[in-house]
Amino acid sequence: MMLSQQDAEFLKKKIPQWRKDPARFVKEVWRVEPTDQQKEFLQAIAKPGAKVSVKSGHGTGKTTCFAWIIPWFLTCFAKAKIPVTAPTSAQLKDALWAELKMWWNAMPVQLHDLFEWTNDHFTCETGSFAMARTASKDRPEALQGIHADNILFLVDEASGVFEEVFVTAGSALSAENARVAMASNPTRVTGYFYNSHNINRHFWEKLTFNGEESPRVSKQYIESIANEYGRDSDVYRVRVLGEFPNASDLQFISLKIVEEAKNRNIRKEQFNFAPTIIGCDPAWTGPDELVVYLRQGLYSKRLYTCLKNDNDIVTAGIIARFEDEYNADAVFIDQGYGTGIWSAGETMGRSWNLIAFGGKSSDLGYANKRAEMWGNMKEWLINGGVIEDDEILTNDLIGPEAGVNLKGQIQLESKDDMKKRGQPSPNRADALALTFAYPVIKKECYLGNNRQQSYDPFAGM
Ligand SMILES: Nc1ncnc2c1ncn2[C@@H]1O[C@H](COP(=O)(O)OP(=O)(O)OP(=O)(O)O)[C@@H](O)[C@H]1O
Ligand SMILES: [Mg+2]
């Protein structure tokens with residue numbers, strides 16, 4: 001339908017105002033008042049190139065925000081495209097796309113008639129459009145291959161969207177002029193959405209919609225969750241507070257354990273009597289880091305990190321320097337890519353230990369050596385271990401999932417399986433885990449304080 005001259009004039013005047021202020025668009029077009037939380041979101045997405053990630057409790061009106069900004073973006077920007085996705089058809093079509101239809105029907109007729117709503121497209125007379133696409137692991141192209149002057153990516157229930165979708169969309173999401181909005185119940189502590197609030201947080205404008213603070217969420221709902229699961233439960237965190245759970249069912253080490261270990265203080269006299277152990281996780285593939293970690297009793301410290309380095313002699317030299325500097329009692333190196341470093345150490349007269357991650361565990365409860373070391377590291381974290389405030393280490397520690405094999409032994413997720421889930425290889429945590437490979441005795445206990453003296457088992461007999 002053609003707009004009347006008068007309506008066209010009116011729109012021309014309004015568009016510059018609405019462009020900067022989507023909340024005004026919502027108020028003037030639908031005569032509804034967004035909540036303060038929704039206003040915060042609308043303000044954030046108004047900025048060109050905005051990258052906004054909303055974690056939220058249930059029912060705060062995040063899907064509605066998306067339904068509002070689709071007509072807003074298409075009205076206010078020329079040559080605009082909006083790829084929209086969610087994990088399942090139910091979450092996309094029955095929620096966001098149905099909500100969009102509802103708000104479209106509630107628009108003043110002049111604006112309403114500028115648009116056409118179908119099962120998977122919402123098209124403006126100008127040719128700009130939004131398209132709804134779900135994705136599967138095998139067909140992850142939901143956000144891919146769309147080019148436009150003005151682009152807005154929308155991902156609802158982002159926590160459950162396959163990692164492949166984000167990988168396939170690749171650089172399009174991070175492009176400077178692309179706006180991206182993700183919203184989700186923060187159900188999973190891994191993946192792209194989780195990372196947007198953690199390791200990649202500097203890249204995102206992060207919002208939290210706490211249900212306790214939302215006028216859209218009923219007190220009865222909050223009480224029912226609190227009564228059924230408790231206010232300290234993960235269900236309450238995810239469904240009401242909009243916070244990530246402390247532990248996923250499969251996650252081996254919970255965020256809570258890691259946060260507590262990070263927030264502890266330790267004094268020198270609480271650990272300086274303990275043996276000093278160095279763990280080294282050499283890099284496996286190109287983008288991996290080589291990491292050297294030190295642990296002394298409850299204390300730990302990252303000594304060194306560098307990107308994959310093929311020069312084993314240089315690396316061995318670095319480890320030897322640390323060994324001397326800290327008077328280390330043992331050095332454990334992952335055998336995977338560490339044999340060259342170990343041999344270089346041998347030629348320098350060092351007796352370091354190679355640890356096979358896949359080797360037999362000394363504890364029958366674990367499927368292999370790596371699971372055992374991680375198990376010991378988890379115990380240590382729970383029982384007073386102290387770690388540095390290091391975002392990457394935190395992410396590494398909580399990254400791996402664990403299960404129980406047919407023999408009833410704890411098995412840790414392999415680095416390869418983690419990569420398939422889009423999780424980086426936990427190099428820093430593996431280096432720290434290596435310090436738990438075997439019990440270590442302080443050198444001076446068996447060498448004596450004077451190292452000049454030779455060891456004579458028959459002395460004094
Ligand atoms: N500011 C508002 N004014 C009027 N109605 C609103 C407002 N915000 C949301 N609603 C209505 O409240 C209902 C719930 O909103 P919505 O589905 O957006 O919540 P949500 O946070 O996406 O929930 P979920 O956690 O289930 O995904 C919808 O029917 C929506 O139309
Ligand atoms: Mg929703």
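What you see is a predicted model, and the numbers here were worked out from it, not measured in a lab.

Visitor: I tried to follow the overall build of the protein on my own but got confused; where do I start?
Guide: Assigned secondary structure in the protein consists of 19 helices and 15 strands. Dimensions of the protein along its principal axes, counting C-alpha atoms only, are 110 × 50 × 40 Å. Evaluated residue by residue, the protein yields a buried proportion of 51% over its 461 residues. The contacts of the protein with a sequence gap of at least 6 include a subset with a gap of at least 24, amounting to 68%. Counting every atom, the protein has about 21800 Å² of accessible surface; 50% of that belongs to carbon and sulfur. Taking the average location of the 53 positive side-chain charges in the protein and that of its 59 negative ones, the two points are 3 Å from each other.

Visitor: I'm lost on the environment of Ala98 in this one. Help?
Guide: Within the secondary structure layout, Ala98 lies in helix α5 (residues 89–105). For Ala98, a relative accessible area of 34% gives the class partly exposed. Each C-alpha atom of the pair Ala98 and Trp117 lies 10.0 Å from the other, and the pair is 19 residues apart in sequence.

Visitor: How do you make sense of the sheet that holds strand β2 (residues 80–85) when you look at a structure like this?
Guide: By definition, the strands of a sheet pair up through backbone hydrogen bonds, in either a parallel or an antiparallel sense. One open sheet accounts for eight strands, arranged β3-β4-β5-β2-β6-β7-β1-β8; its pairing is mixed. The sheet is open, and its two edges are formed by β3 (115–117) and β8 (205–209), each paired on a single side. Direction aside, neighbouring strands of the sheet carry axes that sit 10° apart on average. Bridge count for β3 against strand β4 (residues 121–124) is three bridges, and the pairing is antiparallel. Note on β4: the bridge partner recorded for Glu116 is Thr123. Along the sheet, helix α4 (residues 62–76) contacts β1 (51–56), β2, β3, β4, β5 (129–132), β6 (150–156), β7 (179–184) and β8; its crossing angle with β6, the most-contacted strand, is approximately 165°. Against the sheet, α5 makes contact with β2, β3, β4, β5 and β6, and its axis sits at roughly 145° relative to β3, the strand it touches most.

Visitor: Mind showing me how you'd approach the state of the cysteines here?
Guide: What makes a disulfide is a covalent bond joining the sulfur atoms belonging to two cysteines. All told, the structure shown has zero disulfides when counted by the stated rule. The thiol sulfur of Cys76 is not disulfide-bonded, and the nearest other cysteine sulfur, from Cys124, lies at 10 Å. Overall, Cys124 belongs to the buried group, its relative accessible area being 7%.

Visitor: I'm lost on the pairing of strand β12 (residues 330–334) in this one. Help?
Guide: Consecutive side chains of a regular strand alternate in pointing toward one face of the sheet and then the other. By the criterion of burial, β12 is predominantly enclosed, with five of the five residues buried. Side chains Ala330, Phe332 and Asp334 project from β12 onto one buried face, and the interleaved Val331 and Ile333 project onto a second face that is buried too. Pairing of strand β9 (residues 276–281) with β12 involves four bridges; the strand directions are parallel. Counted as the bridge partner of Ile278 is Val331 from β12.

Visitor: Whenever I open this one, the site of ligand 1 confuses me. Can you help?
Guide: Among the 17 residues in the neighbourhood of ligand 1, the closest are listed as His58, Lys62, Thr63, Thr64 and Glu99. Contact between ligand 1 and Thr64: an oxygen atom at 2.5 Å from a side-chain N or O atom of the residue. Burial of ligand 1 by the surrounding chains reaches 75%, relative to a free accessible area of 640 Å². If you list the elements that add at least two residues to the shell around ligand 1, you get α4 and α5. For the shell around ligand 1, the leading source of residues is α4, giving four residues. In terms of residue class, the shell around ligand 1 is made up of four nonpolar, eight polar and five charged.

Visitor: Teacher, can you tell me more about the sheet that holds strand β11 (residues 299–307) here?
Guide: Pairing is mixed across the open sheet formed by five strands, whose spatial order is β11-β10-β9-β12-β13. Where the open sheet ends on each side, the last strands, each with one partner, are β11 and β13 (353–355). Going from strand to strand, the sheet's axes swing by 20° on average, the running direction of each strand aside. Both β9 and strand β10 (residues 289–296) contribute to a ladder of six bridges, which runs antiparallel. Note on β10: the bridge partner recorded for Asp281 is Val291.

Visitor: Even after reading the chapter, I still don't get the side chain of Asn195, so can you show me in this structure?
Guide: Along the chain, Asn195 falls in helix α9 (residues 191–196). Every residue in contact with Asn195, bar those within four places of it in the chain, is listed here: Asn200, Arg201 and Asn395.

Visitor: Can you walk me through the packing of aromatic side chains in this structure?
Guide: In this description, a pair of aromatic rings is defined by centroid distance and the angle of the planes. Counting across every chain of the model gives 20 aromatic pairs. For the pair Phe193 and Phe244, a centre-to-centre distance of 6.0 Å together with 50° between the ring planes defines the contact as tilted. Taken together, the positions of Phe193 in helix α9 and Phe244 in the loop between α11 (234–241) and α12 (255–262) put the pair 51 residues apart, joining distant regions of the chain. Assigned by exposure class, Phe193 and Phe244 land together as buried. Judged by centre distance (6.3 Å) and plane angle (50°), the rings of Tyr304 and Phe322 are tilted. Taken as a pair, Tyr304 in strand β11 and Phe322 in helix α13 (residues 312–325) lie far apart in primary sequence, 18 residues in all. One aromatic cluster is present, built from ring pairs that chain together Trp18, Phe25, Trp30, Trp68 and Trp103. A cation sits over an aromatic face here: Arg19 above Phe77, 5.4 Å from the ring centre.

Visitor: Explanation requested: helix α10 (residues 219–229) in the structure shown.
Guide: Of all the residues in α10, the buried ones are Ile222, Ile225 and Ala226. Mapping the buried residues of α10 onto a view down its axis gives an arc of 100°, with all of them on the same face. Relative to its buried face, α10 has exposed residues pointing more than 90 degrees away, namely Gln220, Asn227 and Glu228. The secondary structure elements touched by the buried residues of α10 are α11. Of the residues one or two after α10, Gly230 is the one with positive phi, at around 95°.

Visitor: Help me out: how do you make sense of the domain arrangement of the protein in this one?
Guide: How big an interface is tends to be expressed through the accessible area that disappears when the partners come together. Examined at the domain level, the protein breaks down into domain 1 (5–241) and domain 2 (255–446). Between the C-alpha centres of domain 1 and domain 2 the distance comes to 41 Å. Facing eleven residues of domain 1, the contacting portion of domain 2 comprises ten residues. Around 830 Å² of area is buried between domain 1 and domain 2 when both sides are counted, 47% of it from carbon and sulfur atoms. Three residues, Thr190, Tyr194 and Ile199, lead the burial of domain 1 against domain 2; their summed loss comes to 47% of the area buried on that side. Across the domain 1-domain 2 interface, the total number found is one salt bridge. A salt bridge links Glu391 to Arg201, with the nearest nitrogen and oxygen atoms 3.0 Å apart. Scanning the region where domain 1 abuts domain 2 turns up one residue pair in polar contact (both at pLDDT 80 or more). Among the elements that line the side of domain 1 that touches domain 2, the one with the most residues is α9, at three residues. Each residue belonging to the side of domain 1 that touches domain 2 can be placed in one class, and the counts come to three nonpolar, four polar and four charged.

Cut-offs and rules
- Residues numbered from 1 in each chain as written.
- Chains lettered and ligands numbered in written order.
- Predicted model: local features only at pLDDT ≥ 70, side-chain atom pairs only at ≥ 80, totals over all residues.
- Heavy atoms only, no water.
- Helix = DSSP H or I, 4+ residues; strand = E, 2+ residues; numbered from the N terminus.
- Buried < 20%, exposed > 50% of the residue type's maximum accessible area, 1.4 Å probe, protein only.
- Contact = heavy atoms within 4.5 Å.
- Areas by Shrake-Rupley, 256 points an atom, 1.4 Å probe, with all protein chains shown as cover.
- Lys, Arg positive; Asp, Glu negative; His and termini not counted.
- Charge placed at Lys NZ, Arg CZ, Asp CG, Glu CD.
- Pairing = 2+ DSSP bridges.
- Axes fitted to C-alpha atoms, helices over the stretch in contact; angles between N-to-C directions.
- Disulfide = S-S within 2.5 Å.
- Near = heavy atom within 4 Å.
- Polar contact = N/O pair within 3.5 Å; in protein donor to acceptor, adjacent residues only side chain to side chain.
- Nonpolar A, V, L, I, M, F, W, Y, C, P; charged D, E, K, R; others polar.
- Phe/Tyr/Trp six-rings, centres within 6.5 Å; stacked < 30°, edge-to-face > 60°.
- Lys NZ or Arg CZ within 6 Å of the ring centre and 35° of its normal.
- Arc of directions from axis to C-beta.
- Domains from an automatic or database assignment.
- Buried area = accessible area lost by both parts, 1.4 Å probe.
- Salt bridge = Lys/Arg side-chain N within 4 Å of Asp/Glu carboxyl O.

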